[in-house]
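Below are the chains, spelled out letter by letter.
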Amino acid sequence: MKKILLVIASLACAIIMCSCGKGGGLFSKATPTPIPVVDPSALITADDVAAATGYTPVLDGGAVKYEGNTATALYRSDPMGQDPVEITVQQYNEETPVENVWYDYDTDRAYRSSAEEIANLGETSFIAFPSINIYDRGCYIRITAGSGADDNQRNLLLNLANIAVPRLEEIMGPIEQNDTSVEQK
């Protein structure tokens, strides 16, 4: 009988010790996966810009600019004289919920009466010259490139967006994992 009590007491102690401590333990909640920070120059690289535009691009200021939950990469031609390519990514984070990012995307779309919806690109997207706007996985991507508001500019924007979206999906992971979809009206 003493052996059984000793085994039970040992198991109870082991369970108690496993449930103690910071963030660890048998009965503790799982640590949430950190939200990846999306670098716009990783979505569309200088090489991608060169292939799409035909000029040699340089990252303005040599770096991506971050302000709150928004990051911007601005590629200029070297030498200057060609239309720049700007990639802006606004994303959710611990301070900015997904709903706020969606609200900004949806508000921009509502203000652009000339917006052309684009099917099968992110969760939702539209072109309103001079930019293509994409909402996917809690991120709002705006790509501004080219000029002319014609088929050439439209094709340039679509080409760059079709490069950026799969890279965003790879960085952010499956949509079910992040639960960043917003019910659209």
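Draft legend 1. Expanded view of helix H4 (residues 98-111). Taking 1.5 Å of rise per residue, the 14 residues of H4 would be expected to cover 20 Å, and the 20 Å separating its terminal C-alpha atoms lies within 8% of that figure. All of the buried residues in H4 are Val98, Val101, Trp102, Tyr105, Thr107 and Arg109. Those residues of H4 that are buried are in contact with strand S4 (85-91), strand S5 (116-118), strand S6 (124-128), strand S7 (131-136) and strand S8 (139-145).

Draft legend 2. How the structure looks around the packing of helix H3 (residues 46-53) against helix H5 (residues 151-172). At a closest axis distance of 10 Å, the pairing of H3 and H5 adopts a crossing angle of 155 degrees. Considering the angle they form, H3 stands roughly antiparallel to H5. Regarding H3 and H5, the two cross each other, and that crossing is right-handed. Across from Asp48, Ala52 and Thr53 in H3, the residues of H5 making contact are Leu156, Asn159, Leu160, Ile163 and Arg167. Taken together, the residues of the contact of H3 with H5 break down into four nonpolar, two polar and two charged.

Draft legend 3. Seen up close, the layout of surface pockets. Volume-wise, the largest pocket comes out at about 170 Å³. Its residues assigned to classes, the lining of the largest pocket shows nine nonpolar, five polar and one charged.

Draft legend 4. Geometry of unusual backbone geometry. The linkage connecting Asp78 with the following residue, Pro79, adopts the cis geometry, with an omega of 5 degrees. Omega for the bond connecting Phe129 with Pro130 falls within 30 degrees of zero, at 15 degrees, which places this linkage in the cis form. Note on placement: Pro130 falls in the loop between S6 and S7. In the Ramachandran plot, Asn120 falls in the positive-phi region, its phi being about 60 degrees despite a non-glycine side chain. Following the sequence through the fold, Asn120 ends up in the loop between S5 and S6. For Asn120, a relative accessible area of 80% translates into the label exposed. Even without a glycine there, the phi angle at Ala149 is positive, about 50 degrees. Assignment of secondary structure puts Ala149 in the loop between S8 and H5.

Draft legend 5. Up close: the pattern of salt bridges. One pass over the structure, following the stated rule, counts eight salt bridges. Linking Arg76 and Asp60 is a salt bridge whose minimum nitrogen-to-oxygen distance equals 3.3 Å. In this pair, Arg76 sits in strand S3 (residues 70-77) while Asp60 sits in the loop between strand S1 (57-59) and strand S2 (65-67), placing the two residues 16 residues apart along the sequence. Using a relative accessible area of 26% as the deciding quantity, one classes Asp60 as partly exposed. Through salt bridges that share partners, Asp106, Arg109 and Glu117 make up one connected network.

Draft legend 6. Representation of the environment of Tyr92. Position of Tyr92 among the secondary structure elements: in the loop between S4 and H4. The class of Tyr92 is buried, set by a relative accessible area of 8%. Between the C-alpha atoms of Tyr92 and Arg137, which are 45 residues apart in sequence, the distance is 9.0 Å.

Rules behind the numbers
Residues numbered from 1 in each chain as written. Predicted model: local features only at pLDDT ≥ 70, side-chain atom pairs only at ≥ 80, totals over all residues. Heavy atoms only, no water. Helix = DSSP H or I, 4+ residues; strand = E, 2+ residues; numbered from the N terminus. Expected span 1.5 Å × (residues − 1). Buried < 20%, exposed > 50% of the residue type's maximum accessible area, 1.4 Å probe, protein only. Contact = heavy atoms within 4.5 Å. Axes fitted to C-alpha atoms, helices over the stretch in contact; angles between N-to-C directions. Parallel < 35°, antiparallel > 145°, perpendicular 65-115°, else oblique. Left-handed = near helix turned anticlockwise from the far one by under 90°. Nonpolar A, V, L, I, M, F, W, Y, C, P; charged D, E, K, R; others polar. 1 Å grid on protein atoms, 1.4 Å probe; cavity = no way out; pocket = protein on both sides within 12 Å on 5 of 7 lines; lining within 4 Å. Points joined across faces, edges and corners; volume = space filled by probe spheres on them. Salt bridge = Lys/Arg side-chain N within 4 Å of Asp/Glu carboxyl O.

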